[in-house]
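Summary of the model geometry
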Amino acid sequence: MQFFRTSVLLLLPAILLAQDPDDKTQHELTASAQAGKKEFQQTCAFCHGPDARGASAPDLIRSSLLSHDVQGDLIGSVIRNGRPAKGMPSFQLSDPQIRAIADFLHEEASIAASVSQKIPSDYPLQKLLVGNASDGKAYFDARCASCHSTTGDLAHLASKYKPFDLQTRIAFPSGVKPSITVKDNRGELFEGELIYADEFLVSLRDKDGWRHTWKRSTVKADIHDPLAGHEKLLKTYTDKNVHDLFAYLETLK
Amino acid sequence: MTRMALAVLSVGVVAAQIARTDWPTYNGDFSGKRYSQLTQIDRKNVAMLGLVWAFQTDVNTGPGLKSTPLLVDGTLYFTEPDDVWAVDARSGQQNWHYHYHANEGLHIGQRGVGYYKGRLYFETPDAHLLCLDARTGEVQWDSVLADVKLGYWATMAPLVIRNHVLAGISGDFNDLHGVIDSFDPETGKLQWQWSALPLPADPAARTWPADTDAIQHGGGMTWITGTYDPELNLVYWGTANPNPVLDGSTRPGANLYTCSIVALNPDTGKLAWYFQPSPHDVHDWDAVQTPVLVDGDFRGQKRKLLIQASRNGYLFVLDRVSGKALLSTPYEESNWSSGVDQQGEPVANREKDPSPAGTLVEPDAIGATNWMSPSFDPQTGLLYVDTHDSFSLYYAFGDGKPEGFGGRDLSVWSHGYLRAIEYQTGKTRWSHDLGSGWTWTGVLSTAGRLVFTGDVHGNILALDANTGKTLWHTFAGGQAEAPPITYELDGRQYVLMGAHGVLFAFALPEVLLENLQP
């Protein structure tokens, strides 16, 4: 029995990891926490709220008590002794009941903290789909079609990117490297991918994979940044433009 | 007569003073200018600047050097989250190294120590304030700033004002409660505490909803060192954003004293005035940026000014006696505000609040600037600020009761500049392109008419203070995040800057200095 309890405890983080709760809005509670949730609803929710976020009594998820509690050691004594000065009665619950309530509160708190720090991967697409796809198409035809095609480079775009990625790429796509042509002081021409440029130096990688670096002041360097157009667009986008384009491009499955 | 005339002509001279050769506090002095009167390194000779020594922390994990070194009596003191070093400023040799025990606080950065009569004050990641013996690094006392279990941490360099050690705290994910604490430098006893969230009797409490616990969890961290005017006996401090960060639905109102600049009496912690750069912020744009104190002309009148280039992209020039705004104007591009109200506080366009479908906002959550130290040069009358023109898509998830961030921002684009801003108009006189992305270096200006900073690539730069032209540079091997300082020892001026785990000391060649001797 002791062994069993220990192994469950050791497994707990692994289970959480496997479920990857860090980037989801909907979380499965462990069995113990689910039992604790039920117990909490019956005994505590009337004052502390059904989600333990507080009602007539304080929010427990953001409480000092919970932060310092280990497996119910502090919560248990508050439940059993009450807080008469603050009007909280005592509740005579068993050790397993208290442990389950503590597990529920700790899991809620850890989920709250993780949701607070990440974009959830299961974020409902419907929340993002507030734009008008036909307005998006009109914008695309007018402003984007000179460089992009929905049957060419952008075909099946919505299948390639998750909704958040697609929306941020509409705002500004990353990962596209500029190309560069350099004419050195002997008149020799070099072409390749730009790999470094500051105010002093410029470097390219040529088609054979060699890196070349020059002092900027000694050569003529023409940088072609395919994202220059996107920088201009970014400054003019309205939120409606972004949402309309998203609604349109999301149809390109 | 000449000296008097100079004092009258030049802005920013608080009192007649001899050029400081040391750097005894976070900003070099109480004013927050990060301006040095040293002139040995100047526009003509800066091209000869060379490496004197480099100090390796040998700490290869964590955030690297983000601290401003102090220089006191020939010794440098600087930090990383669990470490303090004392290094001989002439040789770069380690004098001692203090390492704090393993702890669970957030190791996001450490910005330096405070100094008082042979003692150092160091904030730990788990929100303790330690007093160390400056001779040995031995701990003299250890006081708790805040409860790490609740999600607090600490990074800032304490500010020592007479017999007060002022310490702020950090924490963003857990809806905490910001304070400034004042400790006795010798005993570590708490002298006073100022709460960034008003007590019930304070009329400012009405800027929060009644009948909920929003105000108790309302944020207002105090994570950048303030400035001090000895004549007025007022300390000036910026406070951070309200919580939940990106979803303001449970905290309608201006949410004082978050995103505010406050003036406090350092002996009592009593509030003299406040000004709020971002009422009801929902973009994580705290107002902790250094409140720079300048005594200078403002539209024909000599005034005691406070200047802040705030994270929300606005420059604020306040009368620091009264807290009244004299100028509120954008210094970097932004799209979230429709202008300012009668108090000079920006009016947010609520259509640019975070939303479930995403809102495109300029600047991003990192802001138009952040913790990088600005510098004010009294000779040019320019405020030098490391700025970002940037965009984010801001999401407020809108599920249940918002907690912590209550959403997220996804930064999509950023470009860095060093801007030289005229403080009477907010106009940029010149800007220097620092590259695509985010710079974090901070700025130093000197009477040699130089500005020192760094670019996104890892170059350390010396610029002409009047024009922004690059006069010297060297590649540091990584972006410099430890702000530049300068000091003079044995008649030689040093410039220090740190990148990753290395602190570099630069000076003019000794052979050149011998020829410069009269």
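Residues numbered from 1 in each chain as written. Chains lettered and ligands numbered in written order. Predicted model: local features only at pLDDT ≥ 70, side-chain atom pairs only at ≥ 80, totals over all residues. Heavy atoms only, no water.

Okay, the domain arrangement of chain B next. Residue and element names in this part refer to chain B. The domains assigned to chain B are domain 1 (29-64 + 440-463 + 472-518), domain 2 (67-195) and domain 3 (245-434). Computed over C-alpha atoms only, the centres of domain 1 and domain 3 are separated by 28 Å. Surface buried jointly by domain 1 and domain 3 totals about 1,900 Å² across both partners, of which 62% is contributed by carbon and sulfur atoms. It is Lys33, Trp440 and Val443 in domain 1 that bury the most area against domain 3; as a group they hold 34% of the surface buried on that side. The tally of links between domain 1 and domain 3 comes to zero salt bridges. Joining domain 1 to domain 3, the criterion identifies 10 residue pairs in polar contact (both at pLDDT 80 or more). Elements with a contribution of two residues or more to the side of domain 1 that touches domain 3: β30 (444-446), β31 (450-454), β32 (459-464) and β34 (480-489). (Domains from an automatic or database assignment. Buried area = accessible area lost by both parts, 1.4 Å probe. Salt bridge = Lys/Arg side-chain N within 4 Å of Asp/Glu carboxyl O. Polar contact = N/O pair within 3.5 Å; in protein donor to acceptor, adjacent residues only side chain to side chain. Helix = DSSP H or I, 4+ residues; strand = E, 2+ residues; numbered from the N terminus.)

Residue and element names in this part refer to chain A. Of the positions making up helix α8 (residues 133-144), those classed as buried are Gly136, Tyr139, Phe140 and Cys144. The arc enclosing the buried residues of α8, seen along the axis, measures out at 105°, which places them on a common side. Exposed and facing more than 90 degrees away from the buried side of α8 are Ser134 and Ala142. (Buried < 20%, exposed > 50% of the residue type's maximum accessible area, 1.4 Å probe, protein only. Arc of directions from axis to C-beta.)

All names here are of chain A. The sheet built from five strands is open, its strands ordered β4-β3-β2-β1-β5 with antiparallel pairing. A single partner strand is all that each edge strand has here, and the edge strands are β4 (211-215) and β5 (220-224). Recorded for the sheet is a direction-independent mean angle of 40° between the axes of neighbouring strands. For strand β1 (residues 179-183) and strand β2 (residues 189-197), the ladder comprises five bridges, and the chain directions are antiparallel. Each residue of the ladder has a partner; that of Val182, found in β2, is Phe190. (Pairing = 2+ DSSP bridges. Axes fitted to C-alpha atoms, helices over the stretch in contact; angles between N-to-C directions.)

Glancing now at the interface of chain B and chain A. Taken together, the 44 residues of chain B in the interface contact 37 residues of chain A. Inspection of the region where chain B meets chain A yields eight salt bridges. Taking the shortest distance from any N to any O, the salt bridge between Lys401 of chain B and Asp59 of chain A comes out at 3.3 Å. Seen at the junction of chain B and chain A, the total is 22 residue pairs in polar contact (both at pLDDT 80 or more). Elements with a contribution of two residues or more to the side of chain B that touches chain A: β25 (359-361), β27 (382-396), β28 (407-422), β29 (428-436), β32 and β33 (470-475) of chain B. Here the side of chain B that touches chain A is built from residues that sort into 17 nonpolar, 12 polar and 15 charged. (Contact = heavy atoms within 4.5 Å. Nonpolar A, V, L, I, M, F, W, Y, C, P; charged D, E, K, R; others polar.)

Turning our eyes to something else, we now look at the nonpolar core. Formed by 52 residues in total, the largest nonpolar core has its most connected members in Leu76, Tyr77, Phe452, Tyr487 and Leu496 of chain B. If you tally residues by element for this core, the top one is strand β36 (residues 502-507) of chain B, at six residues. Each of domain 1 (29-64 + 440-463 + 472-518) and domain 2 (67-195) of chain B gives at least three residues to this core. When near neighbours in sequence (up to four residues on either side) are disregarded, Tyr487 of chain B contacts Thr21, Asp22, Leu38, Trp53, Leu71, Leu76, Ala89, Arg492, Gln493, Tyr494 and Leu496 of chain B. Judged by nonpolar contacts, the second largest core, of 31 residues, contains Leu128, Phe140 and Leu234 of chain A together with Tyr395 of chain B. (Core = buried A, V, L, I, M, F, W, Y, C linked by side-chain atoms within 4.5 Å.)

What follows covers the sheet that holds strand β13 (residues 179-183) of chain B. Residue and element names in this part refer to chain B. The sheet built from four strands is open, its strands ordered β11-β12-β13-β14 with antiparallel pairing. Pairing within the sheet leaves two strands with one partner each, and these edge strands are β11 (159-161) and β14 (190-195). Neighbour to neighbour, the strand axes of the sheet diverge by 20° on average, direction disregarded. As paired elements, β11 and strand β12 (residues 164-168) share three bridges and run antiparallel to each other. If you follow Val160 over to β12, its bridge partner there is Val165.

Residue and element names in this part refer to chain B. One pass over the structure, following the stated rule, counts 31 aromatic pairs over all chains. A centroid spacing of 5.1 Å and a plane angle of 55° characterise the contact between Trp285 and Trp336, whose relative ring orientation is tilted. You can see Trp285 sitting in the loop between β18 (271-275) and β19 (292-298) and its partner Trp336 sitting in the loop between β22 (325-330) and β23 (337-340), a full 51 residues away along the chain. The exposure class assigned to Trp285 is buried, which follows from its relative accessible area of 1%. Cluster of aromatic residues (ring-pair linked, three or more members): Phe275, Trp285, Tyr314, Phe316, Trp336 and Tyr394. Across from the ring centre of Tyr26, 4.6 Å away, lies the NZ or CZ of Arg34, which sits over that ring. (Phe/Tyr/Trp six-rings, centres within 6.5 Å; stacked < 30°, edge-to-face > 60°. Lys NZ or Arg CZ within 6 Å of the ring centre and 35° of its normal.)

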